[in-house]
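Remarks on the overall topology
The residues making up each chain are set out below.
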Amino acid sequence: MSERVSVLVTGGAGFIGSNFIHYILDRYPQYIIINLDKLTYAGNLNNLKDVSGNSNYYFVKGDISNYELVNYIFEVFQPRYVVNFAAESHVDRSIEDPGIFLRTNILGTQVLLDVAKKHWYRANNWRNGVKFIQISTDEVYGSLGPEGFFTEKTPLDPHSPYSASKASADFIVKSYFDTFKMPINITRCSNNYGPYQFPEKLIPLMINNALNHKELPVYGDGKQVRDWLYVEDHCRAIDLVMQKGKLGEVYNIGGHNEKENIYIVKKIIELLRKMTGDVKINESLIKHVKDRPGHDRRYAIDPSKIEKELHWKPEVNFDRGIVKTVSWYLNNIAWVRNVTNGEYRNYYKRMYEWR
Ligand code: NAD
Ligand code: TYD
C-alpha cells in the first residue's frame with residue numbers, strides 16, 4: 001500500500017490554491033489535503049465544492065498567523081509538506097492598506113515556519129522528507145526595461161507594499177534554511193490566469209466588466225508587459241518542486257508568454273464578442289485611466305532552471321489558455337455573482353482614491 005502523505009495547503013480557497021488542491025487530489029489518491037484558509041474576500045469555498053465530500057480533503061477556517069491553530073493542525077495531521085499560498089495578493093489593495101499585507105504575508109509566514117520547525121525538528125534532525133514551499137512572485141525582482149529576464153540570481157528590488165511583503169517573506173524563509181537547515185523551496189511565478197481568479201485582477205475584471213458593458217480601465221498607456229502563466233501549468237511546477245526541488249533552492253516559473261496589457265484587453269473583447277454575439281462588447285469600452293503609482297513596467301521570467309533541473313515546461317500557450325479562461329467565466333457567471341455578493345461590482349471605481 002502506498003504511504004499516506006498529508007499536505008497542509010494554506011490559502012487553498014483562493015485562485016491558485018484551489019486549482020492546486022484540485023490538481024493534487026486528482027493525481028494522488030494517497031494524499032490528504034488540509035486547507036487552512038481565513039476566507040477573506042478572495043477566498044471562496046465554492047471553488048472547492050466538488051471536492052468538499054472527498055474523504056482525503058479537510059477544510060479549516062482560520063488565520064495562518066494563529067500559532068495555536070496552526071500548532072493544532074500539525075498535532076492532528078502531522079503534515080509532511082506545507083505549501084504556503086495564503087496571502088493578500090492584490091497590488092492595488094496594498095497601495096490602499098499595506099498593514100494587512102505585512103501581517104499576513106510576513107508575520108503569517110513566520111508563524112507557519114515556527115510551528116513547522118517545532119514539529120519537524122527533533123534531536124538535531126529534520127524529520128525525513130518534510131518540506132516547506134513558499135509561493136512567491138516575480139514581482140519581488142522589481143521592474144525590467146524592454147530587454148532581459150529575471151533569473152533566480154536577480155537581486156530583489158520590490159516596489160509595491162505587496163511585493164515588498166512577499167520579498168520580506170522570501171528572506172525569512174531563506175533565513176530558516178541558512179540558520180536552521182530547514183528544508184524549504186521558494187517558487188517565484190509570473191502572472192497566473194485561469195478559472196477561479198477573483199474579478200479584481202486584470203483578466204477576470206476585464207471579462208466581468210465587458211459582459212456588463214462597463215468601462216475597461218486600462219492603467220496609463222497599457223503598454224506594461226506581464227508574462228502570463230496558465231494556472232494548471234503553475235500547479236504542475238509546484239508539484240515538481242514539492243517532490244523533487246533541491247533543498248534551499250529558489251525556482252522561477254514563467255509562461256514564455258509576454259503580452260502588453262492592452263493586447264490582453266483587446267483579445268478579451270474579441271473573444272467575448274465572438275462567443276456571445278454581443279455587439280455592445282467592443283473597443284469603445286476601453287478607458288485609459290490614471291496609472292497605478294509605482295507601476296512596474298515589465299516582468300519576464302527566465303524559467304530555464306526549473307526546465308533543466310525538474311524537466312518542467314509550460315504546456316498551455318496563451319492563445320489556448322485565454323480561450324479556456326474566457327469560456328470558463330462565461331460558463332460560470334453564477335460563480336462570479338457569488339464571489340461579488342450577487343451583483344455586478346465595479347471594484348476599481350469603489351476602491352482606489354489614486355484614480
Ligand atoms: P488569492 O488572493 O486568490 O487567494 C489568497 C487566499 O489566501 C484566499 O483564499 C484568502 O482567503 C487566503 N488568506 C488570506 N489571508 C489569509 C490568512 N491570514 N490566513 C489564511 N488564509 C488567508 O491569491 P492567489 O492569486 O491564489 O495567490 C496565491 C499565492 O500566489 C499568493 O501567495 C500570491 O502572492 C502568489 N502569486 C500569485 C500570482 C497570481 O498571478 N495570482 C502571481 C505570483 C504569485
Ligand atoms: P494585476 O492583475 O493587478 O496583476 P499585477 O499587478 O500583480 O501584475 O494587473 C496586471 C496588469 O494589468 C498590471 O500591469 C496592472 C494592469 N491593470 C490595468 O491596467 N487595469 C486594471 O483594472 C487592473 C486590475 C490591472
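Coordinates for the structure precede this section.
Quantities reported herein were computed from a predicted structural model and do not represent experimental measurements. (Residues numbered from 1 in each chain as written. Chains lettered and ligands numbered in written order. Predicted model: local features only at pLDDT ≥ 70, side-chain atom pairs only at ≥ 80, totals over all residues. Heavy atoms only, no water.)

1. Thoughts on the nonpolar core
Which entries qualify depends on this criterion: Buried Ala, Val, Leu, Ile, Met, Phe, Trp, Tyr and Cys residues that are joined via side-chain atoms within 4.5 Å together make up what is termed a nonpolar core. To sort residues, take the accessible area from a 1.4 Å probe on protein chains only and compare it with the maximum for the residue type: under 20% means buried, over 50% means exposed, and anything in between is partly exposed. Residue contacts are defined here by distance: any two heavy atoms, one from each residue, within 4.5 Å place the two residues in contact.
In this structure, Val7, Phe20, Val83 and Met242 are the most contacted members of the largest nonpolar core, which totals 57 residues. With sequence-adjacent residues up to four places away left out, Val83 is seen in contact with Val7, Leu8, Val9, Thr10, Phe20, Ile133, Ile135, Ile238 and Met242. Within the second largest apolar cluster, 35 residues are counted, among which are Ile34, Val70, Val82 and Val111.

2. What about helix α5 (residues 161-180)?
Stated precisely, the cut-off is as follows: Helix and strand labels come from DSSP, where a helix needs a run of H or I of at least four residues and a strand needs a run of E of at least two; each type is numbered from the N terminus. A helix is expected to reach a length of 1.5 Å times the quantity of its residues less one.
With 20 residues, α5 extends 28 Å between its outermost C-alpha atoms, agreeing within 8% with the 28 Å of an ideal straight helix rising 1.5 Å per residue. Along α5, the positions that sit buried rather than exposed are Tyr162, Ser163, Ser165, Lys166, Ala167, Ala169, Asp170, Val173 and Tyr176. Trailing α5 by a residue or two, Lys181 shows a phi angle of about 60 degrees, which is positive.

3. Some points on the packing of aromatic side chains
Our working rule: The rule is short: rings of Phe, Tyr and Trp, with Trp giving its six-membered ring, pair when the centres are within 6.5 Å, and they are stacked under 30 degrees, edge-to-face over 60, tilted in between. Both a distance and an angle decide whether a charge sits over a ring: NZ of Lys or CZ of Arg must be within 6 Å of the ring centre and within 35 degrees of the ring normal.
A complete count under the given rule lists 19 aromatic pairs for this structure. With a centroid separation of 5.1 Å and 85 degrees between ring planes, the pair formed by Tyr41 and Phe198 is classed as edge-to-face. Residue Tyr41 is found in the loop between β2 (31-37) and β3 (57-61), and its partner Phe198 is found in the loop between β9 (192-193) and α6 (202-211); the two are separated by 157 residues along the sequence. Exposure remark for Tyr41: the relative accessible area of 25% places this residue in the partly exposed category. On the numbers, 5.4 Å between centres and 75 degrees between planes, the contact of Tyr193 with Tyr230 is edge-to-face. One end of the pair, Tyr193, is in strand β9; the other, Tyr230, is in strand β12 (residues 229-230), with 37 residues separating them in the sequence. Given a relative accessible area of 6%, Tyr230 falls into the buried group. Taken together, the ring pairs in this structure connect Tyr193, Trp228, Tyr230, Tyr263 and Phe318 into an aromatic cluster. Across from the ring centre of Tyr23, 3.8 Å away, lies the NZ or CZ of Arg27, which sits over that ring.

4. A short note on the environment of Asn192
Stated formally: Two N or O atoms count as a polar contact when they lie within 3.5 Å, although within protein this holds only if one can serve as hydrogen donor and the other as acceptor, and sequence-adjacent residues are included solely when both atoms are side-chain atoms.
Within the element layout of this structure, Asn192 appears in strand β9. C-alpha of Asn192 to C-alpha of Lys223: the two residues are 31 residues apart in sequence and 18 Å apart in space. Beyond its immediate chain neighbours, meaning those up to four positions away, Asn192 contacts Phe15, Ile16, Gln197, Trp228, Leu229, Val231 and His234. Only 2.9 Å separates the side chain of Asn192 from the backbone oxygen of Ser190, close enough to count as a polar contact.

5. Focus on the site of ligand 2
Short version of the rule: Proximity is defined per residue: any heavy atom of the residue falling within 4 Å of a molecule or strand makes that residue near it. Shrake-Rupley sampling with a 1.4 Å probe provides the accessible areas, and residues are treated as covered by the protein chains on show and by no other component. In this classification, Asp, Glu, Lys and Arg are treated as charged, Ala, Val, Leu, Ile, Met, Phe, Trp, Tyr, Cys and Pro as nonpolar, and every other residue, Gly included, as polar.
Near ligand 2 there are 18 residues, and of these Glu139, Pro217, Arg226, Arg292 and His295 occur at the shortest range. In this structure, Asn191 approaches ligand 2 through a side-chain N or O atom, which is 2.9 Å from an oxygen atom. One of the side-chain N or O atoms of Arg292 is found 2.6 Å from an oxygen atom in ligand 2. Its free accessible area being 510 Å², ligand 2 has 97% of it covered by the protein chains. Residue assignment for the shell around ligand 2 shows that the elements contributing at least two residues are α6 and β10 (216-219). Class assignment of the residues belonging to the shell around ligand 2 gives a composition of 8 nonpolar, 5 polar and 5 charged.

Honestly, that's just the spatial picture; any functional story needs more than this.
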